[in-house]
Every structure is written in C-alpha cells, then in structure tokens.
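Descriptive analysis of the structure
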Amino acid sequence: MSSSANARGLAIWPEAGLTRVPYALYSDPAIYGRERERLFMGPTWNYLALECEIPKPGDFKSTFVGDVPVIVVRDADGRINAFENRCVHRGALLCLERFGNARALTCVYHAWSYDLKGQLKGVAFQNGVKGAGGMPPEFRRDEHRLRPLKVESFAGLVFGSFDPATAPLADYLGPEIAARVRRVLPRPVKVLGYYTQVLRNNWKLYIENVKDSYHASILHLFFTTFRINRLSQSGGIIVDESGGHHVSYSMVGKQGGDGEYAAAALRADSDQFGLKDPTFLSGRDEFADDITLQILTVFPTLVLQQINNCLAVRQILPKGLDRAEIVWTYYGFEDDDAALVAMRLKQANMVGPAGYISMEDGAVGAFVQRALPGAGDDRSIVMMGGTGAESQPTRATETSIRGFWKAYRGLMDV
Amino acid sequence: MAIPADELQAGHAVANLLADYAACVDSDALERWPDFFTEDCVYRITSAFNYSRNLPIGIIHADSKRMLEDRVAALRKANIYEKQGYRHIVSVPRIGRREGAIVEAEAGFLVVRILAEGSFDLFATGRYVDRVDFAAGKPRFAAKIVVLDSEKIDTLLAIPL
C-alpha cells in the first residue's frame, strides 16, 4: 500500500496499512475540513430521522449531517425531503426548533420563505415599498432553492446524502447489513425518548470505540461481573465489503469456555458481587434468535443498538476537532405490551451516559484526546485479529476498526 | 416525624430532607443514599424535553430501592470514571398536593461537578419532582423524578443527582 500525504502533509498513512492509524487524524484541522467535504457531504448516507418522528405533512425535524445543519420535512404529498438548514439570502438558520410543523419554512431574518420541497416562494418587499427599493427585475425566485439532499428510507430510518451520485441505499448497506438493520426494525416504531451525550474527543474515537469489541469485557467491568456478555459467548463480527459498516453480535445458550479469562487474569473477573434487583436482566427473546446483543454501524456515523430489549439509534455528530455528540433515540414498537416497555426502560440503565456497561465509553475517547499533544506522527496499533478487515467468528478482534479505516481512506485519500 | 399538619410544616420537613439528601450525595456518602427512598420507590433522571412529552426513557431509571443499592455497588466496584464530586445547590421547595402521608414537592437545583484535578463546571440544572412519604415516621422519597433542563450530559453521569 502506498503512502500519500493528506491536505497538510502531516498524517501520512504508514506502509503497515490498516494496522497503524496516525494520531494526527484526531487533531489536524485540515483533516476535519476534508471530512466534511469528502465524507459527510460526499457519497455517504447519513441518518437523519425516524419516519415516525415526522408522521404528518408539514412535520419537520432539524438535525445535522456531520456538523452541517439540515432540515428534514414531510411535504403535502407525504414525501420526505431534506435540505441544508441555511437560507439562500444571507445564510441564516431557517429552522431553530428541533421538531415542529409548518406549511412553509420562513427565515426570521428577512422573511424569505420556502415550500416544503425547498423551493424559494416568498421574498419580503420583493417589489420594494411605495415603488422604491426592492429586488431588481433580473432576480427570479424560481432560480433559488435550499440545497437539497437525496433522501431514502430503509426500515423506518430516513437517510440523506448531499452527493446526488451516492449509490442507492440498499446497495450502500449491502444484503448482510440490511438484513441486520431490518432485524431490529421489523415493525412500526415508537420513540421512548432522547438524550445527548457530549464527548470531549474527536468523533472517530467514538466510532472506533463502538466498533471495538475487544475492549467491551475489559473496560466495562459491570458487563463481565454480572455475566451479561463475555467474549467467550458465541458471536462474531460481520464487516461489509466496503469495510465501513459492521455488526457485532453475541448469543446466549452456546457458551464457550471461560479459560481465556482465567489465563489473562483480567480485572473483569475479580470481585464478584451479586445484584440485589436483577429484574432488568430478565429480558425477552423478542426477535426469536437468541441474539442478546447486536451493535451495528452504518458508515460513517450511525449506530443501531440492541442490548437485550434496549433498542436505540445513536447518531454521532462531530462538533469540532475535539468535541462530538451522541444523540440517543430510544425506541420500542407500537405494539409493545406494557411489560416489554417496562423492560426496555429498565434495561436502558445499562447504556447511555449513566449506563452500567457504557459510561466508560463517554470518557475513554477523551483519555486518548488528552494524550494527543505529544503523539506527533506516531500511530496506534490495530492488530487484534490480524491485518485485514474481513468478517470474523470472534469478538476478540479489531477487524471492524480496520474496516472503518479502509472505507475512510478510500473517500479521504489519506 | 409526624405527617405534616399544614403546608408550612410540610415545607420545612421537605426542605430539611432535601438538605440532608444533597449533603449525603455531595459528601460521597453514597452508601446512605438509598435510605432516602422507600422500598418500592421510583427514581428517574430525565430531561425537560422528554418529561413534557411523556417520553418515558430515563438516563437512570429505578423502580426499587434495591436498584439504587445496585447502582451504588456498581459505582464502587465495577464502573470506571475519573474521581469527581458534586456540589448541589437546592432551592426552597414548592409544596404541592398532600394526600394522607404523601406530600408532593418541587425544588430547583444546580449541580457543580468538581474533578479531582481541580477543574469544575456547572454540570446540571433542573428540578426535583418529588413525592415524599411520611408514613414511616422518617420522610422518604416515594418518587424522585430528576428533570434536567438540558438533555445534554457532559461525558458521563456516574454519581446520582
């Protein structure tokens, strides 16, 4: 594999290929700008919304693709459209509310207004006041519209792409990933709530963390102490052909040996203690396949989570080089019975900023970010499970991290 | 303590309870924290956005005192986080309905988070929506809904609010 310089010539990818990741990727402003241009506004599909969040004509949601503000709206025909959230006149944000319903989108600054397809329809005082001022005759409203995104839905998830040439969504996902997306979205969805976790690190450190099944039983002691999940449970990693998407899953009922744990004498095996109220661990096999954990990513920044009956969409948003946000949307299904809803709520204790098995993920990326100043042109080591980015029948691997960098390099040319 | 006879007594009793509660959490006496709750309590941390829309998800969601004891055990033995502490500033409570031994109350709060290395930030603001049970003599929370004004949590939420 040949080396190539990035935009500033700092992060030259090493000859060792995917097994060495330059730290400059988390600290170089030129990289951040190129990510916006080539990843987020390039040929990728980015999660925007759940269809059920905007059920009626006029319903809109404001969100982001990367750090670019975006509006997603259902028009009078029931079609979902998405645009950049930026008025064509002087560039102000059009939508300031997170959710709402509107017949037209009107900018507060000078009241330029747009229909729900993004077409400019109204310009305040276009003909001036009392015959004076106004726009010149050569200005034509129909030549201006909000910058559109291509929109497609899949299993109730709405995706957008700034690049008209992006492959159709089903092709982008590929059959293996698509099947696993459908698995956790088989029926009409009901949102159970939201929150946002602020990370003090580059967005890619969180994506790597999500794809890193190696750390799960080591950093998160709760997980192993209560034997909810272990590397020795059966399961594995699926990496799609592009490398960018992955599924990590584990199953109960087919326990492997625990010998590798004893041998490694991991912290995770120390200090057993019992739960006084273990009711939240008695989940339901709602998808009837014994899979208790499925973490799925869609390149670049969508995570779909099933941990027992706790289902969530995580949208990762870069907020500068060393800041990112995880927007959590917890969901169940419209036909959930009360007991299943109660179980989802209880199991939500495991994840999120206060999650028994995930609170460390909120901090560990910042531990890397804070250690960057001396990293220079040093590189991290990503060799667990080999050098490639193929699917593997084990979770003691970093194959899906290598997959991310494979897809990333293809688009970023670094 | 007897069941408060009027709003004035109730306000005084709930204010004292909140002061004790804040002092317990802020002094890292978390082993005593579950004792502020009834056996079948509800403790939930949510956001004003979720709360106003009846979206039930919690950042923490417990429906028994034993779950609170488990939370403390996990913080002490399992979870990994940088050493940190809180300083609660809790407002005078507004007393709502009184039904038998139950008093409803709301109080605003600010929580500053102090990290061991010395930095500190305003970590959370919000209100406690409480149901205080006086039946057992000592007042305890039958329900404590922590409604955060913002839904953004910086890094992680380890210590309860």
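All figures in this text were calculated on a predicted structure; none of them were measured in a lab. (Residues numbered from 1 in each chain as written. Chains lettered and ligands numbered in written order. Predicted model: local features only at pLDDT ≥ 70, side-chain atom pairs only at ≥ 80, totals over all residues.)

Notes on the overall build of chain B
Counting its secondary structure elements, chain B contains three helices and eight strands. Counted from the first residue to the last, chain B has its helices and strands arranged as α-β-α-β-α-β-β-β-β-β-β. Over its C-alpha atoms chain B spans a radius of gyration of 15 Å, differing by no more than 12% from the 15 Å that the globule rule assigns to 161 residues. When its C-alpha atoms are laid out on the principal axes, chain B stretches across 45 × 30 × 30 Å. Residues counted as buried form 42% of the 161 residues belonging to chain B. Of all intrachain contacts in chain B linking residues separated by at least 6 positions in sequence, the fraction that spans at least 24 positions is 60%. (Helix = DSSP H or I, 4+ residues; strand = E, 2+ residues; numbered from the N terminus. Rg over C-alpha atoms; globule rule 2.2 N^0.38 Å. Buried ≥ 20, exposed ≤ 12 C-beta atoms within 10 Å, placed from the backbone. Contact = placed C-beta atoms within 7 Å.)

Here we look at the sheet that holds strand β17 (residues 310-318) of chain A
Read across the open sheet, the eight strands follow the order β13(A)-β14(A)-β15(A)-β16(A)-β17(A)-β18(A)-β12(A)-β8(B); overall the sheet is mixed. Edge positions in the sheet fall to β13 (234-239) of chain A together with β8 (152-154) of chain B, since each has one partner strand and no second. Strand after strand, the sheet turns through a mean of 15 degrees between neighbouring axes, direction not considered. Where helix α9 (residues 399-412) of chain A meets the sheet, it contacts β13 and β14 (246-251) of chain A, and its direction lies at approximately 10 degrees from that of β13 of chain A. (Pairing = 2+ DSSP bridges. Axes fitted to C-alpha atoms, helices over the stretch in contact; angles between N-to-C directions.)

Topic: the confidence of the model for chain A
Across chain A, the average pLDDT comes to 90, with 90% of residues at 70 or higher. Across residues 254-272 of chain A the pLDDT falls below 50, and counting only partners more than four positions away or on other chains, this stretch makes 23 contacts in the model. (pLDDT = per-residue confidence, 0-100.)

Things to note about the interface of chain A and chain B
Contact residues are listed per partner, giving 33 residues for chain A and 31 residues for chain B. Secondary-structure elements contributing two or more residues to the side of chain A that touches chain B are β12 (189-199), α5 (221-225), α7 (338-347) and α8 (361-370) of chain A. Split into classes, the residues belonging to the side of chain A that touches chain B amount to 20 nonpolar, seven polar and six charged. One ladder, built from three bridges, connects β12 of chain A with β8 of chain B; its direction is parallel. Looking at the pairing, Gln197 of chain A lines up with Ile153 of chain B of β8 of chain B. (Nonpolar A, V, L, I, M, F, W, Y, C, P; charged D, E, K, R; others polar.)

Quick word on the sheet that holds strand β8 (residues 113-114) of chain A
Strand order in the open sheet made by the three strands is β7-β8-β9 (chain A), with antiparallel pairing throughout. Each edge of the open sheet is held by one strand with a lone partner, namely β7 (105-106) and β9 (120-122) of chain A.

Observations concerning the nonpolar core
Buried together is how nonpolar side chains tend to be arranged in soluble globular proteins. Counting 145 residues, the largest nonpolar core has Ile71, Val72, Val158 and Tyr206 of chain A together with Val14 of chain B as the members making the most contacts within it. With seven residues, helix α1 (residues 7-26) of chain B is the single largest residue contributor to this core. Domain assignment of the residues forming this core places at least three in each of domain 1 (46-153) and domain 2 (176-412) of chain A. Filtering out sequence-adjacent residues up to four positions away, Ile71 of chain A remains in contact with Phe60, Ser62, Ala82, Phe83, Asn85, Leu94, Cys95 and Leu105 of chain A. (Core = buried A, V, L, I, M, F, W, Y, C linked by C-beta atoms within 7 Å. Domains from an automatic or database assignment.)

Section: the pairing of β13 of chain A
Residue and element names in this part refer to chain A. As judged from the six bridges shared by β13 and β14, these two strands associate in the antiparallel manner. By the bridge assignment for β14, Gly236 is matched with Tyr249. Between β13 and β14, which pair antiparallel and follow one another directly, the connecting turn spans six residues, one of which, Gly243, has a positive phi of 90 degrees.

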